[in-house]
Amino acid sequence: MLKKLLALSLLIGSAVTAHAQQFKALLFTKTAGFHHVSIHEGVTGIRSLASRHNFSVDWQESADVFNDKSLANYSVVIFLNTTGDILNDTQQAALEKYIKSGKGWVGIHAAADTEYDWPWYGKLVGAYFKTHPAQQTAFLDVKDSNFPGLERFPKRMLWTDEWYEYKKPLNADDLKVLITLDEKTYDPKTSQGNGMGDHPIAWYHNFDGGRAFYTGLGHIGLVYSDQSFLDHLYGGIYWAATGKGVK
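If you check an unreviewed UniProt entry, the protein appears there as ThuA-like domain-containing protein from Dyadobacter jiangsuensis.

Right, here's the structure in full:
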């Protein structure tokens, strides 16, 4: 009987191990400025990624989760279309400590329209939003096909989105640019300028002991059911959470 119980215990343990999720993500969508209607589609898309790629995701809109005890449960924090001043001083300190412990952060689209008065965050995200023209179609140029999620992308791809222009100079000088936007293929003019010229739209970097990935794509809700975008997004989540995939 004892041998049978031991064998059963080992079998159950093996089953649990086989189905163990590879990492846990915190998905954060608090807004204190513009609220993107695509947030719920984004949540659905990221949940589908979690199911497909065997990781778990907790969705939160309350900043109360930003404390040492709660953040310790996660390998990566995802800011999905956050805007404005969303964390108080104590919560900011908790995120800083979390990143310094070697964890990861992912920013999507309006994550660059967040926390303008927090210099550390500015360096984490890499650049702040300045303006954007009307939504339109343009060509994307992939600069690094070796980054996770971009290996199946063509070098040049037609895409429709809301094209963020970022403030210059950028907040960090060590950004590794993944995708740029060809401003000759759309009209970048706004009341605030004529575009950036050299226009990054997705990047990553090691930062303050941890990892940060950002993509400016993700304004339009339907992109969160577009396989190309989901591949791009999961690649960033995977790298930020694990540090793997970059040669």
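There's plenty left to go through after this.
Draft legend 1. View of the sheet that holds strand β4 (residues 104-108). With respect to topology, 9 strands assemble into an open sheet ordered β2-β1-β3-β4-β11-β10-β9-β6-β7, the strand pairing being mixed. A strand with exactly one partner marks an edge of an open sheet, and here the two such strands are β2 (56-60) and β7 (156-161). Recorded for the sheet is a direction-independent mean angle of 20° between the axes of neighbouring strands. Its contacts with the sheet put helix α2 (residues 39-53) on β1 (24-28), β2, β3 (76-80) and β4, and the angle it makes with β2 is roughly 160°.

Draft legend 2. Focus on α2. Taking 1.5 Å of rise per residue, 15 residues should cover 21 Å, and α2 covers 21 Å from first to last C-alpha, within 8% of that figure. Within α2, the full set of buried residues consists of Ile39, Gly42, Val43, Gly45, Ile46, Leu49 and Ala50. With its buried residues spanning 165° around the axis, α2 presents them on a single face. Turned more than 90 degrees off the buried face of α2, the exposed positions are Thr44, Ser51 and Arg52.

Draft legend 3. Examining the UniProt feature "domain: ThuA-like" (unreviewed entry) in the protein more closely. Under the feature "domain: ThuA-like" (unreviewed entry), the UniProt entry names residues 24-240. The span residues 24-240 is 24% helical and 27% strand by assignment, and the distance between its end C-alpha atoms comes to 12 Å.

Draft legend 4. Broad picture of the pairing of strand β6 (residues 136-142). Of all the 7 residues making up β6, 5 are buried; the element is thus mostly covered by neighbouring parts of the structure. Relative to β7, β6 is paired through 6 bridges, and the arrangement is antiparallel. Residue Ala138 lies in a different strand from β7, and its bridge partner there is Trp159. Alignment of β6 against strand β9 (residues 176-182), held across 4 bridges, turns out to be antiparallel. Considered in β9, the bridge of Phe139 is made with Asp182.

Draft legend 5. Region of the structure containing the side chain of His109. You can see His109 is positioned in the loop between β4 and α5 (119-125). Owing to a relative accessible area of 0%, His109 belongs among the buried residues under this scheme. Here Glu162 takes part through its side chain, which lies 3.1 Å from a polar atom of the side chain of His109. When near neighbours in sequence (up to four residues on either side) are disregarded, His109 contacts His36, Asn81, Glu162, Tyr164, Tyr214, Thr215, Gly216, Leu217, Gly218 and His219.

Draft legend 6. Molecular detail of the nonpolar core. Among the nonpolar cores identified, the biggest contains 79 residues, and Phe66, Phe79, Trp105 and Tyr121 are the most heavily contacted of them. Among the elements that make up this core, the one with the highest residue count is helix α6 (residues 227-242) (8 residues). In this view, Tyr121 contacts Phe79, Trp105, Ala111, Thr114, Glu115 and Tyr128; residues no more than four positions away in its chain are not counted.

Draft legend 7. Local environment of the pattern of salt bridges. Within this structure, the stated rule accounts for 7 salt bridges. Among the salt bridges present, the one from Lys130 reaches Glu165, with a minimum N-O distance of 3.7 Å. With Lys130 in strand β5 (residues 129-131) and Glu165 in strand β8 (residues 165-166), this residue pair connects regions lying 35 residues apart in the sequence. On the accessibility criterion, Lys130 (31% relative accessible area) is partly exposed. The residue Arg152 makes a salt bridge to Glu151 at a minimum N-O spacing of 4.0 Å. Given the relative accessible area of 49%, Glu151 is considered partly exposed.

Reading the values: rules and limits
- Residues numbered from 1 in each chain as written.
- Predicted model: local features only at pLDDT ≥ 70, side-chain atom pairs only at ≥ 80, totals over all residues.
- Heavy atoms only, no water.
- Pairing = 2+ DSSP bridges.
- Helix = DSSP H or I, 4+ residues; strand = E, 2+ residues; numbered from the N terminus.
- Axes fitted to C-alpha atoms, helices over the stretch in contact; angles between N-to-C directions.
- Contact = heavy atoms within 4.5 Å.
- Expected span 1.5 Å × (residues − 1).
- Buried < 20%, exposed > 50% of the residue type's maximum accessible area, 1.4 Å probe, protein only.
- Arc of directions from axis to C-beta.
- UniProt positions renumbered as here; feature names shortened; annotations may be inferred.
- Polar contact = N/O pair within 3.5 Å; in protein donor to acceptor, adjacent residues only side chain to side chain.
- Core = buried A, V, L, I, M, F, W, Y, C linked by side-chain atoms within 4.5 Å.
- Salt bridge = Lys/Arg side-chain N within 4 Å of Asp/Glu carboxyl O.

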